[in-house]
Amino acid sequence: MHTPDKQLTDEQSREVAEKIREEIAKRRISRQTLAEQAKLSLSTLEKVLGGRRPFTLATTVRLEQALGVSLRRSSPVPVAPSGNDVAPDSLGSYSHRAVTWLEDVYITLRPSFGDKDAIFAYRTEIAWEPTVSSLVFREGERTDAAYEHTGEVAVPHQSGFIYLVINRHGQHRVITVSRPTVAGEMYGIISTLRAGPGSQLTPIAAPIALVPQRNVKNPTLGRVAPDNANYALYRDHLRRTVEEPFALFLPV
């Protein structure tokens, strides 16, 4: 005999709906996109978000799997891990399955620290690394190859942001970016050290954008000057970081 799907209480449904709306806003995705990812009809999603129908357990689980976050209080993300398939708590306790949407090769853009009119571009790959049971990022094709980094990727549920972290002997560099847009782009802030004359280092922060490589037809890497064919595209991505805004830079 068919067993009816368990319905959440009105209070639980309101909490889940609020959490989903927060995730949609953080990720800048449409309800249609979320419905497709969760394998639900848009009509069903609209009705439960609008309070015209209570959430069922099955619908909630599908949405949790699509978003990779828990929508219910004190309930784990319903993704069954296996072996070394869950990142440590310090990185957000995410499973590999819950973050596959982040695995990609990106063109990373930030202002050039040595030329105020130029943009610095290089490749960053984000991929799952079984030996450390987490996502890692690897930089490549930098013109300053000595500063190419590999680090850990933190994806905490609470903030809705993604952190690319390097910790070398206590020295940190942190990139904080938004969750991907519909087009897969991530925007935020890089906080690092700028190399100066001799051994001089100066703390510096700047806007940064990670754009899927497939979104740039013929990417230019290295120091990109204003006369380069990709300069306007790269500049628009960096401007989007502060204009939308994905990040804020406060005046003194």
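Here, every reference points to the structure presented above.
Sequence order as written defines the numbering, with residues in each chain counted from 1. Only residues with pLDDT of 70 or above have their local features reported here, since the model is predicted, and side-chain atom pairs are shown and tallied only from 80 upward, although totals for entire chains, interfaces and linings are computed over all residues. Hydrogens and water are ignored here; the side-chain numbers use all heavy atoms of the structure.

### Thoughts on the packing of aromatic side chains
- Aromatic rings from Phe, Tyr and Trp, with only the six-membered ring used for Trp, were paired whenever their centres fell within 6.5 Å, and each pair was classed as stacked if the ring planes differed by under 30 degrees, edge-to-face if by over 60, and tilted otherwise. Per the stated rule, a full pass over the model turns up 3 aromatic pairs.
- Look at Tyr 94 and Trp 128: their rings are 6.2 Å apart centre to centre, the planes differ by 75 degrees, and that puts the pair in the edge-to-face class. On the criterion of sequence distance, the pair formed by Tyr 94 in the loop between helix 4 (57–67) and strand 1 (104–111) and Trp 128 in strand 2 (residues 119–129) is long-range, its members being 34 residues apart.
- Exposure is judged per residue with a 1.4 Å probe applied to protein chains only, and the accessible area is read against the type maximum: over 50% gives exposed, under 20% gives buried, and values in between give partly exposed. Taking the relative accessible area as the measure of exposure, Tyr 94 reaches 2% and is therefore buried.
- Its guanidinium or amino end placed over the ring of Phe 113, Arg 110 lies 3.8 Å from that ring's centre, counting from NZ or CZ. Runs of E in the DSSP output that reach at least two residues are strands. Runs of H or I that reach at least four are helices, and both are numbered from the N terminus. A ring has a charge above it when a Lys NZ or an Arg CZ is no more than 6 Å from the ring centre and no more than 35 degrees off the ring normal.

### With respect to the pattern of salt bridges
- When a carboxyl oxygen of Asp or Glu is within 4 Å of a side-chain nitrogen of Lys or Arg, the pair counts as a salt bridge. Here the structure, examined in full by the defined rule, presents 12 salt bridges.
- One salt bridge connects Asp 104 with Arg 214, and the closest N-O pair in it is separated by 2.3 Å. With a gap of 110 residues between them, Asp 104 in strand 1 and Arg 214 in the loop between strand 8 (201–212) and strand 9 (222–224) connect regions that are remote in the sequence.
- Where Glu 244 meets Arg 240, a salt bridge forms, and the shortest distance between an N and an O atom there is 2.5 Å.
- Given a relative accessible area of 26%, Arg 240 falls into the partly exposed group.
- It is possible to trace a salt-bridge network through shared partners that takes in Arg 28, Glu 185, Arg 240 and Glu 244.

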